[in-house]
Amino acid sequence: MEFEQLIDELAKRLSNGQLIRATASQPRLKSDGLAKVKLKPVEIKKELHIQFEYHYERVLKHENVKIEDIRSALQQLMEQFKQLQAEFVEENVHIQLSKKFKVSWKSEKTAERKADLSHNRKKNYLLDDSTPYPFLIRLGVQTTEGKVKKQKYDKFRQINRFIEFIDDALDHLPKDRHVRILDFGSGKSYLTFALYHYLHIEKGLDIRVTGLDLKKEVIEECNRIAQDLEYKQLEFLVGDINDYNEETAVDMVVTLHACDVATDMALARAVKWGAEVILSVPCCQHELFSQVAAPELDVMLQHGLIKERFSALATDSIRAELLTLVGYDAQLLEFIDLAHTPKNILIRAYRTNKTPASADFSRYESFRNMLHAKPFLERELKDYGFLS
Ligand SMILES: C[S@@+](CC[C@H](N)C(=O)[O-])C[C@H]1O[C@@H](n2cnc3c(N)ncnc32)[C@H](O)[C@@H]1O
């Protein structure tokens, strides 16, 4: 089989809705860090798409490809990888490409399976968008019949995505005792309720969850809902993250859109408690905007819009780097597709026993010095040995 024929065969199967799942691996080029790509069918606005999930060393990226574009997407993919394992509705296929793109195609028949898109769609969401959940009804996200309200769909999508990250982190949490979880800047607490529901009610985990926020009335309402729903291990407190010194140990700290340096306050507290898991989606990272000054970058920074975006990206990069320097395995991951929200970076940090090398500190310090930045989080973590 020729390479072009291979692409035609694959494009035909993917366009006809035959794909269950596939994985492209063995990259030709190791330098760009793309280790593998997973493919699966998804339904978006009632149209079949193929979701490409790109696995870089420290980043996962998603792209939903329309069927009309699938041939060129497959061509690009198979130019990058030497192997593809694919499950189709009636066959498993193993494709191997040689250095010179010679194709080996091995297929075996299987019992017929269904590429059920509605099933896939449900699988995309850990909370199902047609099941009535008492907390989502009380929070005004769903109608009493369980329909997600149109204006709340973005929130529903965000909490689902966040829950996915929590689900992925479960192996890092203790299994032999109750798990202590803090949600800082919990606001109306959609996420706090959702994680309680998912971890305690659906997964049966022994957890104790606290949501903390400055807004008294909102917190009072959250406590009323928690009591009404008999969520006994969930509480809400009024307070400032910076003054919150009630705990000696917390296992997981989460934040969703905690404003500006409130995210840093939460990260610093999580580090001090030695939290095993930190999941944080920042919001309005203004701090560096007024600090950043680097003549080398003036071509970019002369433009207010670029400076704002640059400052936000630099802030999150600094946060991830600082977390790494205090012994976390920290990654910046795509939270939600950019089309839905510009606040689309999630900081994920798992505690490790790694001690960073002094060269790692120097790398961070020269970046920070180049920007003339004085990051809030660095000051909060000053006991960990950063040089000013
Ligand atoms: C954009 S809202 C996000 C709320 C919620 N996490 C969500 O995603 O729906 C940010 C919340 O952070 C809270 N917040 C900001 N600074 C805070 C601080 N220093 N301490 C406690 N809460 C804070 C605000 O009161 C607000 O409710």
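So, how was this worked out
Residues numbered from 1 in each chain as written. Predicted model: local features only at pLDDT ≥ 70, side-chain atom pairs only at ≥ 80, totals over all residues. Heavy atoms only, no water. Helix = DSSP H or I, 4+ residues; strand = E, 2+ residues; numbered from the N terminus. Rg over C-alpha atoms; globule rule 2.2 N^0.38 Å. Buried < 20%, exposed > 50% of the residue type's maximum accessible area, 1.4 Å probe, protein only. Areas by Shrake-Rupley, 256 points an atom, 1.4 Å probe, with all protein chains shown as cover. Lys, Arg positive; Asp, Glu negative; His and termini not counted. Charge placed at Lys NZ, Arg CZ, Asp CG, Glu CD. Contact = heavy atoms within 4.5 Å. Near = heavy atom within 4 Å. Polar contact = N/O pair within 3.5 Å; in protein donor to acceptor, adjacent residues only side chain to side chain. Nonpolar A, V, L, I, M, F, W, Y, C, P; charged D, E, K, R; others polar. Phe/Tyr/Trp six-rings, centres within 6.5 Å; stacked < 30°, edge-to-face > 60°. Lys NZ or Arg CZ within 6 Å of the ring centre and 35° of its normal. Salt bridge = Lys/Arg side-chain N within 4 Å of Asp/Glu carboxyl O. Pairing = 2+ DSSP bridges. Axes fitted to C-alpha atoms, helices over the stretch in contact; angles between N-to-C directions. Patch = residues over 30% accessible without salt bridge, like charges linked within 9 Å, V, L, I, M, F, W, Y side chains within 5 Å.

Asks: Tell me about the overall build of the protein, residues and numbers included.
Replies: Scanning the protein from N- to C-terminus turns up twelve helices and 14 strands. The C-alpha radius of gyration of the protein comes to 23 Å, within 12% of the 21 Å expected for a compact globule of 388 residues. Along the first, second and third principal axes, the C-alpha set of the protein runs to 65 × 55 × 45 Å. Looking at the protein residue by residue over its 388 residues, the buried ones come to 48%. For the protein, the accessible surface area stands at approximately 19,800 Å², while carbon and sulfur atoms represent 50% of it. Both charge centroids of the protein, one from 57 positive and one from 60 negative side chains, sit 3 Å from each other.

Asks: Describe the environment of L139, with residues and values.
Replies: Tracing the sequence through the fold places L139 in the loop between α4 (134-138) and α5 (153-168). Under the relative-accessibility criterion, L139 is labelled buried at 6%. Along the primary structure L139 and F193 are separated by 54 residues, whereas in three dimensions their C-alpha atoms are 9.2 Å apart. Apart from the residues lying within four places of it in its own chain, the contact partners of L139 are K188, S189, Y190, F193 and I225.

Asks: Report on the site of the ligand, specifying residues and quantitative values.
Replies: Taken together, 16 residues sit near the ligand, with G185, D213, D240, I241 and L256 positioned nearest. Between the ligand and the protein, one listed contact pairs an oxygen atom with a side-chain N or O atom of K215 at 3.2 Å. D240 places a side-chain nitrogen or oxygen 3.1 Å from a nitrogen atom of the ligand. Burial of the ligand by the protein chains amounts to 84% of its free accessible area of 600 Å². If you list the elements that add at least two residues to the shell around the ligand, you get β11 (252-259) and α8 (262-273). Looking at the shell around the ligand, the element that brings in the most residues is β11, giving three residues. When grouped by side-chain class, the residues that make up the shell around the ligand number seven nonpolar, five polar and four charged.

Asks: Give a description of the packing of aromatic side chains that names residues and reports values.
Replies: A complete count under the given rule lists eleven aromatic pairs for this structure. Centre to centre, the rings of F52 and Y54 are 6.3 Å apart; their planes meet at 35°, and the pair counts as tilted. Y54 matches F52 in its accessibility class, with the two residues each being buried. Among the aromatic residues, those joined into a ring-pair cluster are F193, Y196, Y231 and F236. Over the aromatic face of F101 sits the side chain of R28, whose NZ or CZ is 3.8 Å from the ring centroid. Note that K307 overlies the ring of F289, its terminal NZ or CZ placed 4.8 Å from the centroid.

Asks: Quick rundown of the pattern of salt bridges? Include the residues and the values.
Replies: If the charged atoms of two oppositely charged side chains come close together, the side chains can form a pair. Applying the stated criterion across every chain, the model contains 23 salt bridges. Between R351 and E276 there is a salt bridge, with its nearest N and O atoms 3.1 Å apart. Of the two residues, R351 is situated in strand β14 (residues 345-351) and E276 in the loop between α8 and β12 (277-283); the sequence distance between them amounts to 75 residues. A residue is classified by how much of its surface remains accessible, and R351, at 36% relative accessible area, is partly exposed. A relative accessible area of 24% means that E276 is categorised as partly exposed. Between E378 and R368 there is a salt bridge whose closest N-O contact spans 2.9 Å. One end of the pair, E378, is in helix α12 (residues 376-380); the other, R368, is in helix α11 (residues 358-371), and ten residues separate them in sequence.

Asks: For the sheet that holds β12, give the residues involved together with the corresponding values.
Replies: An order of β10-β9-β8-β11-β12-β14-β13 is seen for the seven strands of this open sheet, with the pairing classed as mixed. The open sheet has two free edges, formed respectively by β10 (234-238) and β13 (328-334), since each of these has just one partner strand. Taken pair by pair, the neighbouring strands of this sheet meet at an average axis angle of 15°, ignoring direction. By the bridge criterion, seven bridges tie β11 to β12 in an arrangement that is parallel. Across the sheet, residue V254 finds its bridge partner in β12, namely L279. Across the sheet, helix α7 (residues 216-228) is in contact with β9 (207-213) and β10; its angle to β10 comes to roughly 165°.

Asks: Kindly report on a negative patch on the surface, identifying the contributing residues and their values.
Replies: Together, E47, E63, E68 and D69 make up a negatively charged patch on the protein surface. Mapped onto the fold, E47 is located in strand β3 (residues 47-56).

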